[in-house]
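Tertiary structure, described
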There are 2 protein chains.
Amino acid sequence: MFYSNMNIILKHIEAITGKNFVFTDEETRRQYGHDETEDYNFPPTVVVKPGTTEEVSAIMKLANQYNIPVVPIGGRTGLSGGALSIHGGIGLSMERFTKIEIDERNLQAIVEPAVVTQVFQEVVLEKGLFYPPDPSSRGSCTIGGNVAENAGGARAVKYGVTKDYVLNLEVVLPTGEVIWAGANTLKNATGYNLTQLMVGSEGTLGIITKIVMKLLPKNNHNVLMLVPFFKAEQACEAVAAIFRAGIVPSALEFMERDAIDWTLRYIDGVSMPIGDAVQAHLLIEVDGNYLDVLFSEAEKITEVLESFDIDEILFADTEDQKNALWKMRRAVGEAVKSNSVYKEEDTVVPRYELPALLKGIKEIGNKYGFSSVCYGHAGDGNLHVNIVKGNMTDEQWQTEVPKGIREIFELTVSLKGTLSGEHGIGFVQKNFMDIAFSNQHLQLMKNIKHLFDPNNILNPGKIFPDNL
Amino acid sequence: MFYSNMNIILKHIEAITGKNFVFTDEETRRQYGHDETEDYNFPPTVVVKPGTTEEVSAIMKLANQYNIPVVPIGGRTGLSGGALSIHGGIGLSMERFTKIEIDERNLQAIVEPAVVTQVFQEVVLEKGLFYPPDPSSRGSCTIGGNVAENAGGARAVKYGVTKDYVLNLEVVLPTGEVIWAGANTLKNATGYNLTQLMVGSEGTLGIITKIVMKLLPKNNHNVLMLVPFFKAEQACEAVAAIFRAGIVPSALEFMERDAIDWTLRYIDGVSMPIGDAVQAHLLIEVDGNYLDVLFSEAEKITEVLESFDIDEILFADTEDQKNALWKMRRAVGEAVKSNSVYKEEDTVVPRYELPALLKGIKEIGNKYGFSSVCYGHAGDGNLHVNIVKGNMTDEQWQTEVPKGIREIFELTVSLKGTLSGEHGIGFVQKNFMDIAFSNQHLQLMKNIKHLFDPNNILNPGKIFPDNL
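Residues numbered from 1 in each chain as written. Chains lettered and ligands numbered in written order. Predicted model: local features only at pLDDT ≥ 70, side-chain atom pairs only at ≥ 80, totals over all residues. Heavy atoms only, no water.

With that out of the way, let us pick up the pairing of strand β10 (residues 207–214) of chain A. Residues and elements named next belong to chain A. Burial of β10 is extensive: six of the eight residues sit out of reach of the surface. For strand β6 (residues 108–111) and β10, the ladder comprises four bridges, and the chain directions are antiparallel. When the sheet's bridge partners are listed, Ala109 is paired in β10 with Met213. Two elements, strand β8 (residues 166–172) and β10, share six bridges in a ladder whose sense is antiparallel. Paired with Val171 across the strands is Ile208, a residue of β10. (Buried < 20%, exposed > 50% of the residue type's maximum accessible area, 1.4 Å probe, protein only. Helix = DSSP H or I, 4+ residues; strand = E, 2+ residues; numbered from the N terminus. Pairing = 2+ DSSP bridges.)

Here it is in C-alpha cells:
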C-alpha cells in the first residue's frame, strides 16, 4: 500500500514518538503484518510503537488529517485476522504499554494492553488474587487483544469471558479524543455502556490504553479428570447433563480423537494410553477452596458420566499430571494446524445443541469432501472446528470449503448460536456476517462504527461484509 | 401535553391493538404517569397495552410518522423516573408480555418483559434453577425494567447484576424494526455487543419484547448474620476486609442506624434489640451447597469482624428469622421515604472507598443543612443516600439540596465511582451527568441515541442533560 505523502507523515510520526519507535524496514513490517490467522501477511506501511496515551492520541489525529488507516496490534495471536493491516497504513503496536497496577483493597487492577495474559494471571496470583479468563494462547496473547476480541478460554464456563472482568477502559477514540468509558465500579447504571460496546469491537471503535479489571480471591484447589468416550456425540451430550446435575465445573473441554492423537505427536513429554475405540475426550475440572467438596462434586460428575458409554476415567493426581493435561489441551490448536493447511471456525451454540452441531459439521464435511477436527470449550457450547485440507485438491479447497463453512454457520445460527464465541470476526469471517444478522442490523452496527470513526481509518475492512 | 391530530392517531392505535387496550381516561393516565420516583406524575396522553411484538413495531412506526413520544412502562417501581411520560405521548405499558419459557437443557429462559422478578425467580427455582439478580422491589418490579435499568440488588456482590444474565434480547427499535440483538450463547464475539448496549439504556434505544436469560443451578444452603457496629465507618471498612480475607459473600448489605430504626417502626412483625451505641449494621450472607463450608466461611468472616468495634452478632437460625431480616432490609427504602419528603441518590464507588464516601456525605450534609440516611449494597460499593427534608424549609430544600447533591456526586466520581449503580439516570439525575462525563463523551452517547432514534421519540428527555 502506498501513500503519496508518506514522507511527510513519517516526519510527523517521528516527531510524536521519537525516531526509535518508527519502523519502515521490510522485515519489521512483515513481522507485524501477520497474526495466527492461517498464513496471511498484510504488512503495515509503517510500524509505530507509541509509549503513552497522548502519543496514541496524537497519532490518531494525524491519521485523521491524512486519512491513513491505523491498525492496533497486540500479541498477534489472533485467529480472525483482526490485527492484519489489510489496507496498509500505520501498524500501531501497543507493546510498550506493559504496566500493571494492582489495587488489592478493591480487588481490581489497572492493566495496560500489552501485558501478556499469563503474566497478569501470575502477578495477581502472587497477591492471592485470581484473573480467570484463560485463552489457550495465554502465554503470548495480551490483555488488550483479549479485550478487543472478548477472549474466553477454558475457565469461561464457570467464570465468564473477558467482558465479565472489564470494569472500565481508557480509550483513544479514532478522532484522537481520550475517554474513560465507564467507572471503576462493579455496578453501573449511568448512561450507555460504552465499556461493553468497546469490548469485542476488535479494534475498530477505539484504541484501548488502560483496562480496569475486576479480580477474584484465588482458589486453593482443583480436581481434574480426563474422560474417554466411545461415542463423540455422547461426550457432547454429557456436557449438558453435568450442568443439569447442578454442577458448574471450572472447565469442561471437548476433544475429538484426532485432536488428542495429533497433539500427543506434536508436543514433547506427554503420553497416555488411549483405547482404540475411543472417539472423544472430555477434560473436566472443578475448583474451589475445599478439597472434600471438590471430591464430592467429582463423584457427582462420575455418577452422571456412568450413564454414558465411557472408558476408564483418568484423574490427575499430581500438579505435574495436571500441567501435562493442560499443556496437551492448550496445544491442540497448534498441533492440528501444524498438520495441514487448515481453516479454523469458532462456532458457538447453547450447550445442549452441541451433539446436533457436531453431527451436522461431519455431515456437511462429507457433502463437500473435507474432514474436520473439532475441540473446544464445550461447557459453554463453543466448538472450534478445524477444517483440514489433507489431500483435497487446491480447487476443491478454494471452491467447496467456503460453501461448507457457510452451511456450518447456517446450522450454528439455526441452533440459536452464532459465528464466533471468542475469536472474533475480523478479516476472515466478515463475509459470513449476513448469516447471523439482517442487512438492517449490520447497517446499524456499521453506523455505530461511522459515528466513532467518521473517516473509517481505524482497522478498516474488518467485521463488516465487503458488500454492505 | 396536547397533540393536534391525536384523534387520528388514536384511531390508528385502536386499529393496531384493539379498542380494549387503549386508554385516555384521566385515572388510567395518572396511574401510568408515575413510578416510585419522589412524587412525580407525568401522565401520558394515551396509555396503550400492546400484546405482541408486531403491535409494538406497528405503534413505533405510527409514532415515527406522527412524531409522538413513546415511553415504555414496566412495573413502575423505578427510582430515577425512567417511566415518566415527561412529554406526554404514548405510555406503552408492556404488562401483557408475561410469558416464561424455561429451557432446562441449556439453563436458559426466554422471559417477556412484564414478568415480575420474584415470579421469575420462583418459577425457575421450582425447576432447580436460580436467577440471582434480586432488587429490593423484586415483588413488583419487572424483568423488562430490570434490563432497562441494569438492576442489581443484594446478590449482585457474588452473582453480578442483570446485565450478567442477559444473553440475548428481542428489541423493537424506535423505527419499528425488530432485531434479536445477539445470540442465545454464553460466549459471543460476533460484531458489536448491541445486547449490552441495550441493557441499561433506560428504554431510550429500543423496546425490549423478549429476554434470553442465563440461569444457574440453585444453591441449597445459606447462612445469614446481622452485625452491629459501634462506628458506621468501621462497618464500611469491614466490607473490603471480608473480601481481602478471600471470602465472596452472596450478600453484604449496609444499613445506618436510622435506616433500621425507621424500618422497624414501618413494618409489622419484625423486632430486634439494638444497643444504644450501635451506629450501623452489616447484613452478611454466604450461600452454597455445603453447609459445613458455609459455617467455615461464616467463621472466617467473624474472625475478620473481631478486629472491628462490634456488638454481638445475630445469626439467623431459622427460615423465619432469615425472612424477617430480609423483609426488614428490603423495606428500608420505603420506610425511609415514608418518613419524610426525600431525594434518593444511588452512589457507587470501588468498595474500599465506602468509608470515605460515607464520611464525605455527612460532611456535605452538614455544610448544606440536610440529614441523610444511608444504606445499600456495600459489597459492591453501592450506597443509597436518602436525603430527607425533615424540618428544612421549602426554600432550603429547593436551593441548598441540589448543591449538596452535586457535591456528593463530585465526591463519588473523584473516588473513581459514578452517579448510579443500579437505579439509572432517567429524569431526575440527568443534569448531573456532566460530573461523570465530558461534553464530548456525552455527545457520543447522544449521537448513538440519534442513530437508533432519529426523531427522538422513544423516551425523550431522559439520561442526557437539558443543556447538551
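So that's the structure; there's more coming.
All names here are of chain B. Axis separation between helix α8 (residues 232–244) and helix α10 (residues 291–305) bottoms out at 10 Å; the angle between their running directions is 135°. Considering the angle they form, α8 stands oblique to α10. For the pair α8 and α10, the crossing hand works out as right-handed. Side by side, α8 and α10 meet where Ala238, Ala241 and Ile242 of the first sit next to Ile301, Val304 and Leu305 of the second. Class assignment of the residues belonging to the contact of α8 with α10 gives a composition of six nonpolar, no polar and no charged. (Axes fitted to C-alpha atoms, helices over the stretch in contact; angles between N-to-C directions. Parallel < 35°, antiparallel > 145°, perpendicular 65-115°, else oblique. Left-handed = near helix turned anticlockwise from the far one by under 90°. Contact = heavy atoms within 4.5 Å. Nonpolar A, V, L, I, M, F, W, Y, C, P; charged D, E, K, R; others polar.)

Residue and element names in this part refer to chain A. Strand order in this open sheet of five strands is β5-β6-β10-β8-β9, and the pairing throughout is antiparallel. If you trace the sheet from one side to the other, it starts and ends with β5 (100–103) and β9 (178–180), each paired once. Ignoring which end each strand starts from, the neighbouring axes of this sheet average 15° apart.

Residues and elements named next belong to chain A. Enumeration according to the criterion identifies zero disulfides over all chains in this entry. Cysteine Cys236 is unpaired, with the sulfur of Cys374 as its nearest cysteine sulfur at 8.5 Å. For Cys236, a relative accessible area of 1% gives the class buried. (Disulfide = S-S within 2.5 Å.)

Further remarks concern the relation of the copies chain B and chain A. One copy of the chain maps onto the second through a rotation around an axis plus a translation along that axis. The transform that puts chain B on chain A rotates by 180° and translates by 0.0 Å along the axis, for an RMSD of 0.0 Å. The superposition operator between the copies reduces to a two-fold rotation axis. (Least-squares fit on C-alpha atoms with pLDDT ≥ 70 in both.)

Residue and element names in this part refer to chain A. Structurally, Tyr342 can be placed in strand β16 (residues 342–348). Residue Tyr342 is classed as buried on the basis of its relative accessible area of 12%. As for Tyr342 and Phe130, which are separated by 212 residues in sequence, their C-alpha atoms are 35 Å apart. When near neighbours in sequence (up to four residues on either side) are disregarded, Tyr342 contacts Glu36, Thr37, Glu38, Lys337, Asn386, Ile387, Val388 and Trp397. Reaching out from Tyr342, the side chain makes a polar contact with the backbone nitrogen of Glu38 at a distance of 3.2 Å. (Polar contact = N/O pair within 3.5 Å; in protein donor to acceptor, adjacent residues only side chain to side chain.)

Attention shifts here to the nonpolar core. Phe254 of chain A together with Phe254 of chain B are the most contacted members of the largest nonpolar core, which has 179 residues in total. With residues up to four places along the chain from it excluded, the contact list for Phe254 of chain B reads Ala232, Ala235, Cys236, Ala280, His281, Leu282, Leu358, Cys374, Tyr375, Gly376, Ala378 and Leu383 of chain B. (Core = buried A, V, L, I, M, F, W, Y, C linked by side-chain atoms within 4.5 Å.)

This brings us to the environment of Ile425 of chain A. Here Ile425 of chain A is to be found in the loop between α13 (394–414) and α14 (433–436). According to the relative accessible area criterion, Ile425 of chain A is buried, its value standing at 0%. Separated by 35 residues in the primary sequence, Ile425 of chain A and Pro460 of chain A have C-alpha atoms spaced 13 Å apart. Not counting residues within four places of it along the chain, the set of residues in contact with Ile425 of chain A comprises Ser80, Glu202, Leu419, Ser420, Lys430, Met433 and Ile463 of chain A together with Ala189, Thr190 and Gly191 of chain B.

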